[in-house]
Amino acid sequence: MALPKGFAGTFLWASGLAFVFTSAAFLWSLLGFASPVTPIHLHEYAFPALVVEVGGHVIFGVLAAAPSLDPGLILLAGGESVLIDSDHLLAALGYPVEGRLAHSVFFALAAAVLLAYLSRRGRGPDMGVFAVTLSAVAAHLSYDVFAGNGFFYLLAPLSFGSFELPYWTWPALLTAAVIFTAPLLAERLHQPENVCPNFGVRQDGAKNDGSEFLLPVLSRDLDGTG
Ligand SMILES: [Zn+2]
């Protein structure tokens, strides 16, 4: 089974991975029960601040993935950079866990590896997905700092201590996020016929119909989704 061609296929692919990412961030927040806290009511996403917050996160995520020039990766990053906040859900519902537990270096790495393998093509993980997932998390932290809340559980679940990133780190994080996806641009320019650069993994020219993948809908069709 191959993905449908064109925008529909790209959208389906990015949505599937974004759904996995959202679920992973929520499941990660369950780790908070290992270190219960007094529940506090969250106001972060009260309307109309919600619109500004979501829009800001999407813009930062899209910027982070823009160097890839890949519509699927840009869609994915825009989604991930908002949906990581599914880790707020338990706290918002009044459960005694911290919000933001997925705002962690370890979550970023674990999610990037998971998604890269789910989207893997040929014999290797999809390094484009790996790179933009890390970039999307960095872009998310950048916007959170920019918006005035730089407290993160960066080492959760190894440590449930919070770190405060100073205000100047928001442009630094966003710049780092953009730079991190730059190798994807170099590869795309080198192989302009490719839908998605993959750090050379697809250079073996292997044909596939998706059947070798764990979940075909989450993998990209090597023969092009235009
Ligand atoms: Zn956040």
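Whatever comes next refers back to the structure up there.
Every chain's residues receive numbers from 1 upward, in the order its sequence appears when written. Local features in this predicted model are restricted to residues whose pLDDT is 70 or higher, and side-chain atom pairs enter the listing and the counts only when it is 80 or higher, whereas totals over whole chains, interfaces and linings include all residues.

Visitor: What is the right way to look at the overall build of the protein in this model?
Guide: Strands are runs of DSSP state E lasting at least two residues, helices are runs of H or I lasting at least four, and both sets are numbered from the N terminus onward. The helix and strand tally for the protein stands at eight helices and two strands. In the protein, the succession of α and β elements from N to C terminus is α-α-α-α-α-α-β-β-α-α. Counting other C-beta atoms within 10 Å of a residue's C-beta gives its exposure: the residue is buried at 20 or more, exposed at 12 or fewer, and partly exposed in between, where C-beta atoms are placed from the backbone. The 226 residues of the protein split such that 46% are buried. Across the protein, every contact between residues at least 6 apart in sequence was considered, and the portion connecting residues at least 24 apart equals 74%. We call two residues in contact if the C-beta atoms placed from their backbones are at most 7 Å apart.

Visitor: Please explain helix α6 (residues 127-146) as it appears in this structure.
Guide: An α-helix turns once every 3.6 residues. As a result, residues three or four positions apart point the same way. Between its terminal C-alpha atoms α6 stretches 28 Å, which fits the 28 Å expected from 20 residues at 1.5 Å a residue. α6 sits mainly inside the fold: 19 of its 20 residues count as buried. G148 sits one or two residues past α6 and shows a positive phi near 110°. Expected span, for any helix, means 1.5 Å times one less than how many residues it has.

Visitor: Would you take a moment to explain the packing of α6 against helix α7 (residues 169-180) for this structure?
Guide: Relative orientation and spacing of two packed helices are given, respectively, by the angle between their axes and the distance between those axes. Angles run from 0 to 180 degrees between N-to-C directions of axes, and those axes are lines fitted to C-alpha atoms, restricted for helices to the stretch in contact. Viewed as axis vectors pointing N to C, α6 and α7 meet at an angle of 165°, and their least axial separation amounts to 8 Å. Between α6 and α7, the angle is such that the two are roughly antiparallel. Seen from above, α6 lies across α7 with left-handed handedness. Only T169, W170, L173, L174, A176, A177 and F180 of α7 make contact with α6, whose side of the interface consists of A131, L134, S135, A138, A139, L141, S142, V145 and F146. The cut-offs work like this: below 35 degrees is roughly parallel, past 145 is roughly antiparallel, 65 to 115 is roughly perpendicular, and the gaps in between are oblique. Helix crossings get a hand from a simple test, with the near helix turned counterclockwise from the far one by less than a right angle marking a left-handed crossing and a clockwise turn marking a right-handed one.

Visitor: Explain the packing of helix α2 (residues 49-65) against helix α3 (residues 71-83) here, please?
Guide: In the contact formed by α2 and α3, the axes pass within 7 Å of each other and the chain directions differ by 140°. Put simply, α2 runs oblique to α3. The chirality of how α2 crosses α3 is right-handed. Every residue of α3 that contacts α2 at V54, H57, V58, F60, G61, V62, A64 and A65 is listed here: L73, I74, A77, G78, E80, S81 and V82. Split by residue class, the contact of α2 with α3 holds 10 nonpolar, four polar and one charged. When residues are sorted by character, Ala, Val, Leu, Ile, Met, Phe, Trp, Tyr, Cys and Pro go into the nonpolar class, Asp, Glu, Lys and Arg into the charged class, and all the rest, Gly among them, into the polar class.

Visitor: Just checking my understanding: could you explain the environment of S29 for this structure?
Guide: Within the secondary structure, S29 is located in helix α1 (residues 6-29). The class of S29 is buried, set by 24 C-beta atoms lying within 10 Å. Along the chain, S29 and A91 lie 62 residues apart, while their C-alpha atoms are 8.9 Å from each other. Excluding residues that lie within four positions of it along the chain, S29 makes contacts with D87, L89, L90, V97, L101 and A102.

Visitor: Sorry if this is basic, but what is going on with the environment of V113 here?
Guide: Structurally, V113 can be placed in helix α5 (residues 105-118). Residues V113 and A131, 18 residues apart in the sequence, show an inter-C-alpha distance of 9.6 Å.

Visitor: Sorry if this is basic, but what is going on with the nonpolar core here?
Guide: Across soluble globular proteins, you tend to see nonpolar side chains buried next to one another. Linking buried Ala, Val, Leu, Ile, Met, Phe, Trp, Tyr and Cys residues through C-beta atoms within 7 Å yields a set, and such a set is a nonpolar core. Membership of the largest hydrophobic core comes to 52 residues, with the highest contact counts inside it found for L17, A64, L76 and A139. If you list the elements that add at least two residues to this core, you get α1, α2, α3, α5, α6 and α7. The element best represented in this core is α6, accounting for 13 residues. When near neighbours in sequence (up to four residues on either side) are disregarded, A64 contacts A77, S135, A136, A138, A139, L174, A177, V178 and T181.

Remember, this is a structural readout, not a statement about activity or role.
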